[in-house]
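So you can see what is in the structure, the chains are spelled out below.
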Amino acid sequence: MGLLDAILGRSKPVRPDLDRLFGLPAAAITLQAGAGFAPTGSGSVCFAGVEGAAFTRIRDDVRELLDADTGRGGTPVEFTRDAYGYTWLLSRHPADDTAALVNDLHAVNTLLQDAGFGPHLLCSVVGFHDTAAQRVLALVYLYKRGTFYPFAPLPGAAEKRDNALELQIRSLLADDVPIEEDLGRWFPLWGAPGITSPEEDGGQG
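Since the structure is predicted, the reported quantities are computational estimates derived from the model, not experimental observations. (Residues numbered from 1 in each chain as written. Predicted model: local features only at pLDDT ≥ 70, side-chain atom pairs only at ≥ 80, totals over all residues. Heavy atoms only, no water.)

Caption draft 1: How the structure looks around the overall build of the protein. Along the protein, the regular secondary structure elements total six helices and six strands. Going from the N terminus to the C terminus, the protein shows its helices and strands as α-α-β-α-β-β-α-β-β-β-α-α. Sorting the 205 residues of the protein into buried and exposed places 47% on the buried side. Residue pairs at least 24 apart in sequence account for 69% of intrachain contacts in the protein once pairs closer than 6 positions are excluded. On the protein, roughly 9500 Å² of surface is accessible, and the fraction owed to carbon and sulfur atoms is 51%. (Helix = DSSP H or I, 4+ residues; strand = E, 2+ residues; numbered from the N terminus. Buried < 20%, exposed > 50% of the residue type's maximum accessible area, 1.4 Å probe, protein only. Contact = heavy atoms within 4.5 Å. Areas by Shrake-Rupley, 256 points an atom, 1.4 Å probe, with all protein chains shown as cover.)

Put into structure tokens, the structure is as follows:
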């Protein structure tokens, strides 16, 4: 089963509630206070199956929407396509402005949803790091499920994750965001844009 099939799931998905993304700034405060993870300022949106003229229109609309902030110190958004054919839109903001980053992610999801591309949306990702322990962490929002889960790849390891840390973060954030209860849906997002340290990702600090 591919990533797209797994994320879409076999059961009827819940109606997406994009406003749940606005719980991320509070979750960021909890993460920093309770586990030592600070925001990197990077986040991304993943979608699939959009090609040709439709993709060009989406790319232009998103850039017009978000790049308007570059005159006030923002960074232009970036589009990449991974080895599985999924498209990632990466947005960066100063590390201490999680709210602005979340606004970007919410705006992109809303734009795609309103344009009829909701079925193509997969997930949104916000990156965190613990520089003292040299660890990275991501909070992943599953569009079709309306839930979040932590993803903690082990630094320097070949596609291995810190399951104990992920379970710790699940408990820590239980009051901040809705956590995905089905651990089988905690999909690994190896190499996803936004899941790096600021130095590796080129983000602002």
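Caption draft 2: The arrangement of the state of the cysteines in detail. Taken as a whole and judged by the stated rule, the model has zero disulfides. Looking at the unpaired Cys46, the closest cysteine sulfur is the one in Cys123, lying at 4.8 Å. Judged by its relative accessible area of 0%, Cys46 falls in the buried class. We classify Cys123 as buried; its relative accessible area is 3%. (Disulfide = S-S within 2.5 Å.)

Caption draft 3: A look at the pattern of salt bridges. According to the stated counting rule, one finds seven salt bridges in the structure shown. Asp60 is the salt-bridge partner of Arg59, the closest N and O atoms lying 3.8 Å from each other. The class for Asp60 is partly exposed, based on a relative accessible area of 40%. The residue Arg185 makes a salt bridge to Asp182 at a minimum N-O spacing of 3.6 Å. For Arg185, a relative accessible area of 11% translates into the label buried. (Salt bridge = Lys/Arg side-chain N within 4 Å of Asp/Glu carboxyl O.)

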